[in-house]
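# Residue-level structural notes
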Amino acid sequence: MWYSLGRLILKYRIALLSILIVFTIIMSFFASQVKLSYDFSKAVPTDNKKYIEYQAFVKRFSSDGTTLVIGIESDKFFTIPIFNLLGKLHQDLKKVNGVMDVLSIPETIELTKDTITDKLIPTKIFNYPFKNQLQLDSAKLIFENQLFYRGLLYNKETNAYLLAVNLKKDLVESKNRTWLINNVLTEVKKFEDASGIKTHISGLPYIRTIISDKIKQEMNWFLIGSILLSALILLLFFKSFSATLMSLLVVSIGVVSSIGTMVLLGYKITLLTVLIPPLVVVIGVPNCIYFLNKFHTSFLVTNDKKSAIINMVGRMGIVTLFCNIAAAIGFSVFAFTRSQLLKEFGIVSGINIMVLFLISLIFIPITLSYLPAPKPKHVKYLKNKLLEKFLIKIEQWALQHTKWVYIISFITIAFAIAGTFKLKSEGFMVDDLPKNDTIYTDLKWFENNFKGVMPLEIVIDTKKNRGALNMETLQNIDSLSNYIASKAETAKPFSIVEALKFGNQAFYNGDTLSYVLPIEIPASIANALRTKSTNKTNITRITSNFIDTSQRYIRVSVNMKDIGSKRLPILLDDFKNKANQIFDSTKYHITFTGSSVTFLEGSSFIINGLKESIFWAFLLIALSMLFLFRSARILLCSLIPNIIPLIVTAGVMGWVGITLKPSTVLVFSVALGIVIDVTIRFLVNYKQELPNNQNKVQPTLIQTIHHTGISIIYTSLVLIAGFIIFCFSHFGGTFSLGWLTSLTLLVGTFTNLVLLPVLLLLLSNKKDR
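For every chain, the first residue of its written sequence is number 1, and the numbers climb from 1 along that sequence. Only residues with pLDDT of 70 or above have their local features reported here, since the model is predicted, and side-chain atom pairs are shown and tallied only from 80 upward, although totals for entire chains, interfaces and linings are computed over all residues. In computing side-chain properties, one takes all heavy atoms of the structure into account and sets aside hydrogens as well as water.

Note on terminology: a nonpolar core comprises buried Ala, Val, Leu, Ile, Met, Phe, Trp, Tyr and Cys residues joined through side-chain atoms within 4.5 Å. Only protein chains enter the accessibility calculation, which uses a 1.4 Å probe; a residue is then buried when its area is under 20% of its type maximum, exposed when over 50%, and partly exposed in between. Counting 247 residues, the largest nonpolar core has Ile105 and Phe126 as the members making the most contacts within it. Runs of E in the DSSP output that reach at least two residues are strands. Runs of H or I that reach at least four are helices, and both are numbered from the N terminus. A total of 16 residues in this core trace back to one element, the largest contributor, which is helix 23 (residues 662-689). Residues Tyr54, Phe57, Val58 and Phe61 belong to the second largest nonpolar core, which totals six residues.

Pasting the structure below:
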């Protein structure tokens, strides 16, 4: 069948090549329309309780991830030059298109009581620009007397001050967010240059934008780097520009197809699908190497180019098909998880690995048919003396030192299993960044001075309309807020309760002892909250963002540290238990949500989904191997050399201290889909050569090691080089993906070249040895 297919490809080469060119043009058109995804909640299934709760929160109170914070640490903050520059920064930031509002010290207000009407009147504290230091110092005393701002905008003990910039949600979740963030940073840079004071910047929109842009830039460079590195290795191996260019065209068409597929399926580039183009390169190059290797070996035998091409398709077509099926299974099993993020990655990668096979099957034979016959220098690599000596050593170890192979294998497995017990599953929002990266150091600055910027939202459902302004409710919120504020991981919560305390202090002429919840809500605030008028004071406008329109739900916002997926559930359980003690469950329903909670849920789903996918990948690949070889004995032999590299990788992760998180768990599925290729190619060649050696196992193994070993080693070197390039990443997860996958491939190459022959010999009949 496959030999006939080879003849058909050559017979209709013009038509097939034309179809491939048209396909490439069409996919290029779609690929040009690809967009980046800015939805960070896609990791969680839409029917998940946490996802539903978060979407309900967003619908009532808008998104919680739209605030960018700017921090300043200086004992000169309240000097005329610096303070006036801060006032100018406030005004300049408000002019930036996409900035909704700015909260900063120069624009803070105090509430003063009208002695006649008892109404609270908002008044600006700082009337900048200042020319007199005494006036600024006087305003500073008034400001520091307002306990409402303490911990919110400044930390007196560390001379740390904060500006909060609220951004438009639509822009934050669009491709224009990079432009918006850069415009904000431009104004901040102007302040830095004029004042000589270093600023610290953080907040979810800033962190997500900068990290996404860095990943996008890195992946573009990695894609180019992987192509160039593969080209260099191919050129060194084959000594042929035409063979190298042909291989690059194969993977380039595959890359274009993968990006075009995303657009056709209505997907956008996510933090996972951005990995697909580089993966297509490192998976596509082995296809080219195996086809070219078989073409060259056949040409040496027949000295006829056409016969060599047909023989190449006949011998390698079925092998490459099942290798790509195995790789596709390794990726496409993600499509069976409940995470949309993983589904998209699995579907796109699975489809395009098979498309890559078709591209290789059509383009390589056709291109070779137009190229001149190989010259002696092009096939010189087949007689590489150094490689031959290495393969002889492999043969000796596999056939003459089997006991040592078993001993080393058992010791390695035992050492790796011991390491797996040290594995921990924990993720942080910014743990992939180097510890000296500005994003990381700035985030830690905010954690040290303001207890963090990661949003946690608490929604109190009073179960009745207008129940939010009930004094019992407010007192309960105050008790819970005080408990949360006492924790080292969380800042002082902000809610309508703090606004009422602010008003109560003003009502008693600024007495700091009166910064407590009033006995009853002042009529002026209650009326302002109950009216639908848009003409509200600053204080009522702020508080109205924390009560929904029906006045049934109250929002309590908490900024917290990035404490990781291990400690966060413990802290949330503590808060939930405290809330259950304070609030009567028959009257209230308490929900903990926000980006911090959805991040935790998303990480858990991705990790669990990846673990499940590894199981299903093993099962489906095993069934494919059983179908291909129709032998349970060979199936057992094939799985063991592929399980060991995964165990070794997991053990190394445990010993080195690399935690299980989405970026590192991905290694196992990726590596499994690629390492199994080596096994399939070895076993298919073994089965094909067995009849030629009167079904004698040992001579067949020797021949297979020497014939297939060359292409296996070359392919492994290309794959390892392709993944090693990820080690140049600034992100810990990408760096780990690079060297851990390379380690898995290296171990897999040795287990397939050394341990697999030992197992085949062990499980064969003695008379056939």
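Take the side chain of Asn352 next. With respect to the secondary-structure elements, Asn352 resides in helix 12 (residues 340-370). Of the residues examined, Asn352 reaches a relative accessible area of 1% and is grouped as buried. For Asn352, the side chain forms a polar contact with the side chain of Ser257, separated by 2.7 Å. Between N or O atoms, a polar contact is any pair within 3.5 Å; within protein, one atom must be a potential hydrogen donor and the other a potential acceptor, and residues adjacent in sequence are included only when both atoms are from side chains.

Our next topic: the sheet that holds strand 10 (residues 589-593). Strand pairing follows a simple DSSP-based rule, namely that at least 2 bridges must link the two strands. Pairing within the open sheet is antiparallel, and its three strands lie in the order 9-8-10. The open sheet has two edge strands, strand 9 (553-560) and strand 10, and neither has a second partner. On average, each strand axis in the sheet is tilted by 20° relative to the strand beside it, whichever way the strands run. Where strand 8 (residues 454-461) and strand 9 come together, eight bridges link them in antiparallel fashion. Within the sheet, the bridge partner assigned to Leu456 lies in strand 9 and is Val558. Contacts were defined at the residue level, with two residues in contact if any of their heavy atoms lie within 4.5 Å. As a rule, the C-alpha atoms of each element are fitted with a line to give its axis, helices using only the stretch in contact, and angles between N-to-C directions run from 0 to 180 degrees. Against the sheet, helix 16 (residues 471-485) touches strand 8 and strand 9, its axis set at about 10° to strand 9.

A few words on the packing of helix 23 against helix 25 (residues 732-762). Remark: helix 23 packs on helix 25, axes separated minimally by 9 Å, with the N-to-C direction vectors making an angle of 30°. Overall, the two elements helix 23 and helix 25 adopt an arrangement that is roughly parallel. Read as a crossing pair, helix 23 and helix 25 show a hand that is right-handed. Classification used: nonpolar for Ala, Val, Leu, Ile, Met, Phe, Trp, Tyr, Cys and Pro, charged for Asp, Glu, Lys and Arg, polar for all others including Gly. Grouping the constituent residues of the contact of helix 23 with helix 25 by class yields 16 nonpolar, nine polar and no charged. When an angle is under 35 degrees it counts as roughly parallel; over 145 it counts as roughly antiparallel; between 65 and 115 it counts as roughly perpendicular; any other value is oblique. The handedness criterion is simple: a crossing whose near helix is rotated anticlockwise from the far helix by less than a right angle is left-handed, and one whose near helix is rotated clockwise is right-handed.

When we look at a pair of aromatic rings, we describe it by the centre distance and by the angle of the planes. Any pair of Phe, Tyr and Trp rings, taking the six-membered ring for Trp, is counted once the centres come within 6.5 Å. Such a pair is stacked with planes under 30 degrees apart, edge-to-face with planes over 60 apart, and tilted for the rest. Taken as a whole and judged by the stated rule, the model has 35 aromatic pairs. Relative to Phe61, the ring of Phe57 has its centre 5.7 Å away and its plane inclined at 40°; by these criteria the two rings are tilted. Here Phe57 and its partner Phe61 are both found in helix 3 (residues 49-61), four residues apart, which amounts to about one turn of the helix. Judged by its relative accessible area of 8%, Phe61 is buried.

The predictor reports its confidence for every residue as pLDDT, a score running from 0 up to 100. Averaged over every residue, the pLDDT of the protein chain is 86; residues scoring 70 or more account for 96%. Within the model, pLDDT remains below 50 along residues 531-539, and this stretch shows nine contacts once partners closer than five positions in the same chain are excluded.

Tracing the chain through its elements places Gly284 in helix 10 (residues 276-302). Considering only alpha carbons, one finds Gly284 and Glu157, 127 residues apart in sequence, at a separation of 59 Å. Excluding residues within four positions of it along the chain, Gly284 makes contact with Val251 and Leu356.

Take a nonpolar patch on the surface next. Patch members must show over 30% relative accessible area and no salt bridge, and they are joined within 9 Å when carrying like charges or within 5 Å when they are nonpolar side chains of Val, Leu, Ile, Met, Phe, Trp or Tyr. The Shrake-Rupley method, run with a 1.4 Å probe sphere, supplies the accessible areas, and residue values consider only the shown protein chains as cover. Salt bridge, as used here: a side-chain nitrogen of Lys or Arg that lies within 4 Å of a carboxyl oxygen of Asp or Glu. A grouping of Phe336, Phe615, Trp616, Leu619, Leu620, Leu623 and Leu626 is seen on the molecular surface, where their side chains present a nonpolar patch of about 700 Å² in accessible area. With respect to the helices and strands, the residue Leu623 is situated in helix 21 (residues 595-629). Given the relative accessible area of 49%, Leu623 is considered partly exposed.

Right, let's get into the packing of helix 11 (residues 305-332) against helix 12. One way to put it is that helix 11 packs onto helix 12 with a least axis distance of 9 Å and a crossing angle of 175°. Between helix 11 and helix 12, the interaxial angle falls into the category roughly antiparallel. A per-class count over the contact of helix 11 with helix 12 returns 17 nonpolar, eight polar and one charged.

A word on the environment of Lys561. Assignment of secondary structure puts Lys561 in the loop between strand 9 and helix 20 (564-582). Exposure remark for Lys561: the relative accessible area of 24% places this residue in the partly exposed category. Taking C-alpha positions, Lys561 is 8.8 Å from Ala488, a pair spaced 73 residues apart along the chain. If we ignore the near neighbours within four places in the chain, the residues touching Lys561 are Glu447, Lys451, Gly452, Met454, Ala488 and Glu489.

What follows concerns the pairing of strand 3 (residues 109-113). Where strand 3 meets strand 4 (residues 120-124), five bridges bridge the pair, whose relative direction is antiparallel. Bridging across to strand 4, Ile109 finds its partner in Lys124. Counting the residues between successive antiparallel strands, the hairpin from strand 3 to strand 4 contains six residues, one of them, Asp118, with a positive phi of roughly 65°.

Think of it this way: the bend at a residue is just the angle between two axes, each fitted to seven residues, one set ending at that residue and the other starting at it. The sharpest bend along helix 11 comes to roughly 45°, located at Met316. Among the 28 residues that make up helix 11, 21 are buried, leaving the element largely enclosed by the rest of the structure.

What follows concerns the pairing of strand 6 (residues 160-167). Burial analysis of strand 6 places seven of its eight residues in the buried class, which makes it a mostly covered element. In this sheet, strand 6 lies alongside strand 1 (residues 67-73) in antiparallel orientation, the contact comprising seven bridges. Paired with Gly71 across the strands is Leu162, a residue of strand 6. The turn joining strand 5 (residues 154-155) and strand 6, which pair antiparallel and follow one another in sequence, is formed by four residues; a positive phi near 55° is taken by Asn159.

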